[in-house]
Structures are given as structure tokens and as C-alpha cells.
Amino acid sequence: MIRLKVTGRARGFTLLEVLIAMVLLSFGVLAIASLQIRQQTDHLETYQRSQAIALLQDMGGRMASNLANASAYVTGAASPLGVGAAVPGDCRDPSLSRAAADRCEWSRALQGVHESLALQQLGAMIGARGCIEELVPPDASPGVCRAGMYRVSVAWQGLRATAAPPQDLACGLGLYGEPALRRVAATTVIAGLPRCN
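Residues numbered from 1 in each chain as written. Predicted model: local features only at pLDDT ≥ 70, side-chain atom pairs only at ≥ 80, totals over all residues. Heavy atoms only, no water.

Draft legend 1. Highlighting the overall build of the protein chain. When helices and strands are tallied, the protein chain shows two helices and six strands. For the protein chain, the α and β elements follow one another from N to C terminus as α-β-α-β-β-β-β-β. Per-residue burial over the protein chain gives 33% buried out of 197 residues. A separation of at least 24 residues holds for 64% of the contacts in the protein chain among residues at least 6 apart in sequence. Carbon and sulfur atoms form 59% of the exposed surface of the protein chain, whose accessible area is close to 12700 Å². (Helix = DSSP H or I, 4+ residues; strand = E, 2+ residues; numbered from the N terminus. Buried < 20%, exposed > 50% of the residue type's maximum accessible area, 1.4 Å probe, protein only. Contact = heavy atoms within 4.5 Å. Areas by Shrake-Rupley, 256 points an atom, 1.4 Å probe, with all protein chains shown as cover.)

See the structure below:
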């Protein structure tokens with residue numbers, strides 16, 4: 001049999017010390033959870049931006065391969081493709097022009113139809129919309145010979161407020177509630193003229 005002899009005051013943690021330790025530990029756990037949520041939000045923002053760049057490159061490539069008909073791609077900022085836009089059921093319908101088929105396929109890509117899970121479209125950004133604007137009309141008049149210049153823009157909704165995009169990037173303007181939630185990526189396509197006099 002072992003006997004313990006306690007001399008003087010017993011040493012140990014008091015209830016107050018345990019409570020203080022638990023409060024400090026809970027603050028640490030909350031800080032880690034907050035950091036993890038912010039990191040996931042940043043990851044999704046990055047993913048959406050990379051999707052937008054891929055969609056810009058897609059339409060830029062489509063227009064570059066059909067420069068003679070670049071003006072047929074123009075949608076304007078007021079009638080964007082993507083979320084909320086009507087799309088023909090079959091983009092490969094032979095009655096569609098090449099530009100119309102390209103716009104149809106791009107609109108479907110903006111809507112995320114290429115990636116889905118349980119009948120829900122997942123492939124694009126939140127509220128993705130695409131606009132093609134004519135900045136400078138082509139002019140093949142004698143002595144002028146000016147190439148056309150077009151802006152291809154993709155707009156979507158961010159997850160937290162940042163600086164609002166410039167007003168001249170009007171694609172999706174006013175469609176995402178607070179202006180600081182709207183994200184826009186844009187590129188310029190220059191459609192040279194085949195020949196000028």
C-alpha cells in the first residue's frame with residue numbers, strides 16, 4: 001500500500017486558471033477558423049478569375065480566326081451573353097452563321113453548361129456574363145484603311161467587396177448589387193483588314 005503525504009499547500013490549477021486557458025484557446029481556434037474561411041474565399045476568387053481569363057481567350061481566339069466577320073460578334077454592353085441570356089438549343093445548327101454559333105457556344109460556357117453535377121451547372125463564375133463591344137469600326141475606305149478594334153469583357157460577381165471596376169468597362173454594370181462586388185476582365189481584339197485601296 002502506498003501512502004502519499006502532502007506537505008504544505010497542495011499545488012494544482014484553480015478553476016479560474018482553467019477558464020482563462022480555455023478562453024485563450026478558443027480565441028486561437030476562432031482565429032484559425034477565420035483564416036481558413038478567408039483562404040477558401042481567396043481560392044474561389046482566384047478560380048473565378050482564371051475561368052474568366054480562359055473564357056476571354058476562348059472568344060478572342062474565335063474572333064481572331066474569323067476576323068473578316070468580327071463585327072458580327074458584337075453584343076454590346078447592354079445585352080450580355082451568359083447568365084440570363086437566351087441561347088439556341090443547338091449551337092451546331094447549320095442555319096447559324098459561324099459568328100452566331102461562336103456566340104452561342106460562348107454564352108453556354110459562361111452559363112457553365114459544360115460542367116454540371118446533379119443537373120446543376122457548375123462550370124463558370126457566379127453570375128457570369130460576357131460582352132463584345134466595337135470600340136473602333138473598321139474602315140476600308142481609300143486612304144483610310146483602319147482596322148476594327150473590339151473589346152471582349154467577362155463580368156461576374158465577387159465574394160467580397162473590392163475596388164469597383166472602371167465605368168468604361170460596362171459589361172454587367174448594375175447587375176451585381178453593390179458595384180464593388182462586380183468583377184470584370186477584358187481584352188482587346190484588333191481585326192485587321194484583308195486589303196485596302
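Draft legend 2. Up close: the state of the cysteines. One pass over the structure, following the stated rule, counts two disulfides. Disulfide pairing is shown between C91 and C104; the S-S distance is 1.9 Å. With the S-S bond torsion at -70°, the cross-link from C91 to C104 turns out left-handed. Of this pair, C91 sits in the loop between β1 (81-82) and α2 (98-111) while C104 is found in helix α2, placing the two residues 13 residues apart along the sequence. Accessibility assignment for this pair places C91 and C104 in one class, buried. (Disulfide = S-S within 2.5 Å.)

Draft legend 3. Region of the structure containing the environment of P166. Take P166: it is sitting in the loop between β5 (148-157) and β6 (182-191). Along the backbone, P166 and V184 are 18 residues apart, and their C-alpha atoms lie at a distance of 9.1 Å.

Draft legend 4. Seen up close, the sheet that holds β1. An order of β1-β4-β5-β6 is seen for the four strands of this open sheet, with the pairing classed as antiparallel. Bordering the open sheet on either side are β1 and β6, each of which pairs with just one other strand. Pairing geometry for β5 and β6, over 10 bridges, is antiparallel. Considered in β6, the bridge of M149 is made with I190. Contacting β4 (129-136), β5 and β6, helix α1 (residues 15-64) crosses the sheet at an angle of about 155° to β5. (Pairing = 2+ DSSP bridges. Axes fitted to C-alpha atoms, helices over the stretch in contact; angles between N-to-C directions.)

Draft legend 5. Structural context of the nonpolar core. If you look at the biggest cluster of nonpolar residues, it comprises 23 residues, and the most contacted ones within it are M63, W106, V152 and V154. Residues C131, A155, L169 and C171 belong to the second largest nonpolar core, which totals six residues. (Core = buried A, V, L, I, M, F, W, Y, C linked by side-chain atoms within 4.5 Å.)

Draft legend 6. Seen up close, the side chain of R183. Here R183 lies in strand β6. Separated by 3.0 Å, the side chains of R183 and E45 make a polar contact. For R183, the side chain forms a polar contact with the main-chain oxygen of A180, separated by 3.0 Å. Dropping the residues within four chain positions of it, R183 is found in contact with E45, R49, V154, A155, W156, G158, L159, R160, T162 and P165. (Polar contact = N/O pair within 3.5 Å; in protein donor to acceptor, adjacent residues only side chain to side chain.)

Draft legend 7. Here's a closer look at the environment of T46. Secondary-structure assignment places T46 in helix α1. Note on T46: relative accessible area 54%, which makes it exposed. One polar contact links the side chain of T46 to the main-chain carbonyl oxygen of D42, over a distance of 2.9 Å.

Draft legend 8. Region of interest: the pairing of β4. By the bridge criterion, two bridges tie β1 to β4 in an arrangement that is antiparallel. Bridge pairing in β4 places L81 opposite G130. With seven bridges joining them, β4 and β5 adopt antiparallel strand pairing. Residue G130 lies in a different strand from β5, and its bridge partner there is V154.

Draft legend 9. Structural view of unusual backbone geometry. At C145, a residue that is not glycine, the phi angle is positive and equals roughly 45°. Looking at the secondary structure, you find C145 in the loop between β4 and β5. Using a relative accessible area of 40% as the deciding quantity, one classes C145 as partly exposed.

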